[in-house]
Structure formats: structure tokens, C-alpha cells
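Per-entry structural report
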Amino acid sequence: MAESESGGDKSEEPTEKRRRETREKGQVARSRELNTLAVTLAGAGGVLATGGTLADMMMRVMRFNFSFSREALLDNGSMVLWLMDSGKMALDAVMPLLITLLVASILGPIALGGWLFSAQSMAPKFSRMNPLEGIKRMFSMKALVELVKALGKFLVVLMVALGVLASDKQALLALGNEPLDQAILHAVQVVGWSAVYLACGLMLIAAVDVPYQLWDNKQKLMMTKQEVRDEYKDSEGKPEVKSRIRQLQREASQRRMMAAVPEADVVITNPTHFAVALKYDPSKGNAPVLLAKGGDFVALKIREVAQEHKIMLLESPALARAVYYSTELDREIPAGLYLAVAQVLAYVYQLKQYRAGKGKRPAPLRELPIPSDLRRDT
């Protein structure tokens, strides 16, 4: 089990944020052996595919450079032009092979880890210039693994090379007895097939190195339980900060709610545990709206504000609880409470008329019709 620098066990799978951050830093699984295999295979295939053209172009370059006139030989300026023409002919001959190798060198890394461009990985790291850190890396487990891989690669390539030389011994010796043009073509074919056999040997090394690189990269990404908790705190916010934010939000909500109480038509109370402030505006809706609600201390503050602004207070424990539990702030009351609230508002209106000397004293409210599904009897 991997351990972090602080000594904790890295037993947790990496989070998506950890994967994204490490990828932005250029820390992805890469296999140099896979890249070498891709370039070797591409080179071998390119040599075999363009071997005839390459051999023919080599013969043309040789004939061109051994067939100049005496005047050209004595002219220093013509030699420069002669060399440039020869270079152009040679470049035209090897250009397809070079393009093939370039494509392979790009596709090799992409095959493991995908396309990635990271400016952070290109930035200089002064920690790598520390001699002590360098010595530590030289004697680390990763350095030992790389040494074993290098020895294994050397042995595999050596055995494949010896096998290729043994199998092509007669063909190589026969090159000296062949005509020049045929010998060049034959030599190109021998080189191409030898590279193919060497690539087959490199496949064994890549087959071991690729899973190891994937495993090693995953081990580097593994996290301790503390790292997971810290990342969660950073992304979601510390609990004490979130608690403080919620407290401030509640306080702001209560201030807005208290500021709306003076606009209410009536405040219905429990009488002490609950208080709800209702307002009915026919021009804005079909039902009364809940402006404020609260229990205990908040209910007391609602009653105090209502008294300061001469808002009618009405005791109806069942209706107060029903509105408190069934209605959100700034929302209309449910349809089941229409009749009960309508009776309350009618009573308040009649009582205001009576106090203004414009009507008779209304009869006290009786049992209000509250549906059983909206009752919250405590």
C-alpha cells in the first residue's frame, strides 16, 4: 500500500478533481518503451515500403556525384551547387520515411495517456537542481525499476539481434558477390526486416512496461483519507464557514420578513408558540399571501412588530399551526384554508369598521373549518 509524505496510507481512489489537476500538470501515464516500439515499427514499415525507391535514389545520387565534368571539378562555385543538388535528391528520397517516423513519434505517446499539452510541465523546477534530491532519485525504487527494465531491454534486443544476424548470415555474405544496384536493394530489405524482428522483441518489453506505467501512475494519484476530506472542504466549504453563511442568510431573511409584517392585514397566533402574518390583495392574486411566520422567539418578535404598527392580532391555535406548516413565505395559502382564512379576514374587516364607528360589533369567531389533512394538532 502506498504511503504519502506525511506517512498516511494512500488507500482512497483518486477523485475526479485530483485526476483533472494532475493531468493539467502533465502527470499522466507514459511509456517510453511504447514510443520506441511505435517508432521502430514505423521505421521498419517505411523502409520495406519505400525500399525500392530509396535504393534507386541512392544509386542516382552516387552516379550524379561520380559523373561530373573536369570543368565542374575545377570550378569551386559549382561544387557548392553540386552538393546542394545531391542533398535535395537525398532529402526527397528519405522524406516519406521521415514523415512516417514523425507521425509515429506523435501517435506513440497519444496511445497511452491521450493528447496533452501542459505549460506547467514545461516550466523549470528548481527542486530538480538540488543535488540531494538527485541522489535520492538515483537510489529510489523507481530508479531500480528503470535499471531492471534497461537490462531486460538490452538482453531482449541482444538475443533478437543475434538471432537476426545468425539467420541473415548467408544473405549478408552474399551481398559482396551481387551487382551494386541489386546489393543496395537487398541491403535495404535486410535492414527493414531486421528492424521488424527487433520491434517484435520490443513488443515484449512494451507489454510489461505499459501495465506497469498505468499501475504506477494510479499509485501516485491515490489519496489518503485526510486528503479526501481536505479536498471536500476546499470544494464544498468548511463546515464552520457554511454554518456561518447559513446563519447570516437566516438573519437576513428574518429582517426582510419583519420588514413585511407592517403590511399584513392580520397576524394569527398560537398564541405564544406560533405566529403567521397574512395579507390579501385582490389585485395581485386570488388568495391571501403569507408575509411572515415563526415560532417561539421569532413569533414573539412578529407579535411585537404587529403591535407597534397596530396590526390586528387574532388567536387561533389550529389555524396558526396549519398555515405555519403548510405555507412557504411569500406564497399563497393552500386551497383547503381559503374558507377559514376568509372568515378571519371578514371578522377583522368588520371589527375595524366597528372600531371606526361604521358598523355593529361582529360576533366572536367560532370553530374554523380546517381540513384534517392540514391540521397540526400538537
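Since we're looking at a predicted model, the values are computed, not measured.

Rules used throughout
Residues numbered from 1 in each chain as written. Predicted model: local features only at pLDDT ≥ 70, side-chain atom pairs only at ≥ 80, totals over all residues. Heavy atoms only, no water. Helix = DSSP H or I, 4+ residues; strand = E, 2+ residues; numbered from the N terminus. Buried < 20%, exposed > 50% of the residue type's maximum accessible area, 1.4 Å probe, protein only. Areas by Shrake-Rupley, 256 points an atom, 1.4 Å probe, with all protein chains shown as cover. Salt bridge = Lys/Arg side-chain N within 4 Å of Asp/Glu carboxyl O. Patch = residues over 30% accessible without salt bridge, like charges linked within 9 Å, V, L, I, M, F, W, Y side chains within 5 Å. pLDDT = per-residue confidence, 0-100. Core = buried A, V, L, I, M, F, W, Y, C linked by side-chain atoms within 4.5 Å. Contact = heavy atoms within 4.5 Å. UniProt positions renumbered as here; feature names shortened; annotations may be inferred. Pairing = 2+ DSSP bridges. Axes fitted to C-alpha atoms, helices over the stretch in contact; angles between N-to-C directions.

Attention now goes to the overall build of the chain. Tallying secondary structure elements over the chain gives 14 helices and four strands in all. By residue count, 31% of the 378 residues in the chain fall in the buried class. With an accessible surface of roughly 24700 Å², the chain has 61% of that area assigned to carbon and sulfur atoms.

What follows covers the pattern of salt bridges. For the coordinates displayed, the defined rule picks out three salt bridges. Residue Asp216 pairs with Lys220 through a salt bridge whose shortest N-O separation is 3.4 Å. Here Asp216 pairs with Lys220, and both are found in helix 9 (residues 180-221), just four residues apart, close to one helical turn. According to the relative accessible area criterion, Lys220 is partly exposed, its value standing at 46%. Of the charged contacts, one joins Glu304 and Lys301 as a salt bridge, the two residues approaching to 3.8 Å between their closest N and O atoms. Residue Glu304 and its partner Lys301 are located together in helix 12 (residues 297-308), separated by three residues, close to a single helical turn. For Glu304, a relative accessible area of 33% puts it in the partly exposed group.

Residues Phe154, Leu155, Leu158, Met159, Leu162, Leu165 and Leu172 make up a contiguous nonpolar surface patch of roughly 690 Å² in combined accessible area. With six residues, the single largest contributor to the nonpolar patch is helix 7 (residues 141-167). Structurally, Met159 can be placed in helix 7.

Attention now goes to the confidence of the model for the chain. Taken residue by residue, the chain gives an average pLDDT of 79. The fraction at 70 or more is 87%. Within the chain, no element has a lower average pLDDT than helix 5 (residues 119-122), which sits at 58, and none a higher one than strand 2 (residues 274-279), at 89.

On to the nonpolar core, then. By size, the foremost hydrophobic cluster in this structure holds 23 residues, and its most contacted members are Val266, Ile268, Leu278, Leu319, Leu337, Val344 and Ile370. Of all elements in the fold, only strand 1 (266-269), strand 2, strand 4 (312-315), helix 13 (317-326) and helix 14 (338-355) reach the threshold of two or more residues within this core. Of the residues forming this core, the biggest block, seven residues, is contributed by helix 14. Excluding residues that lie within four positions of it along the chain, Val266 makes contacts with Val276, Ala277, Leu278, Ile311, Met312, Leu314, Val344, Leu345 and Val348.

Those residues carrying the UniProt feature "transmembrane region" (unreviewed entry) are residues 34-55, 93-118, 139-166 and 195-215 in this numbering. A helix fraction of 93% and a strand fraction of 0% characterise residues 139-166, whose end C-alpha atoms lie 39 Å from each other. Span residues 195-215 is 100% helix and 0% strand, its end C-alpha atoms 30 Å apart.

This part covers the pairing of strand 4. Looking down a regular strand, the side chains alternate between one sheet face and the other. Of the two faces of strand 4, only one is covered, namely that formed by Met312 and Leu314; the face formed by Leu313 and Glu315 stays uncovered. Inspection of the sheet shows strand 1 paired to strand 4 by four bridges, in the parallel sense. Bridging across to strand 4, Val266 finds its partner in Met312.

Here the focus is the sheet that holds strand 4. Strand pairing in a sheet is mediated by backbone hydrogen bonds. Such pairs are either parallel or antiparallel. Strand order in the open sheet formed by four strands is 3-2-1-4, and the pairing between neighbours is mixed. Since the sheet does not close on itself, it has two edges, and those belong to strand 3 (289-295) and strand 4, each with one partner. Along the sheet, successive strands turn relative to each other by an average axial angle of 20°, direction set aside. Where strand 1 and strand 2 come together, four bridges link them in antiparallel fashion. Among the inter-strand pairings, Thr269 is bridged to a residue of strand 2, identified as Ala275. Along the sheet, helix 12 contacts strand 1, strand 2, strand 3 and strand 4; its crossing angle with strand 3, the most-contacted strand, is approximately 130°.

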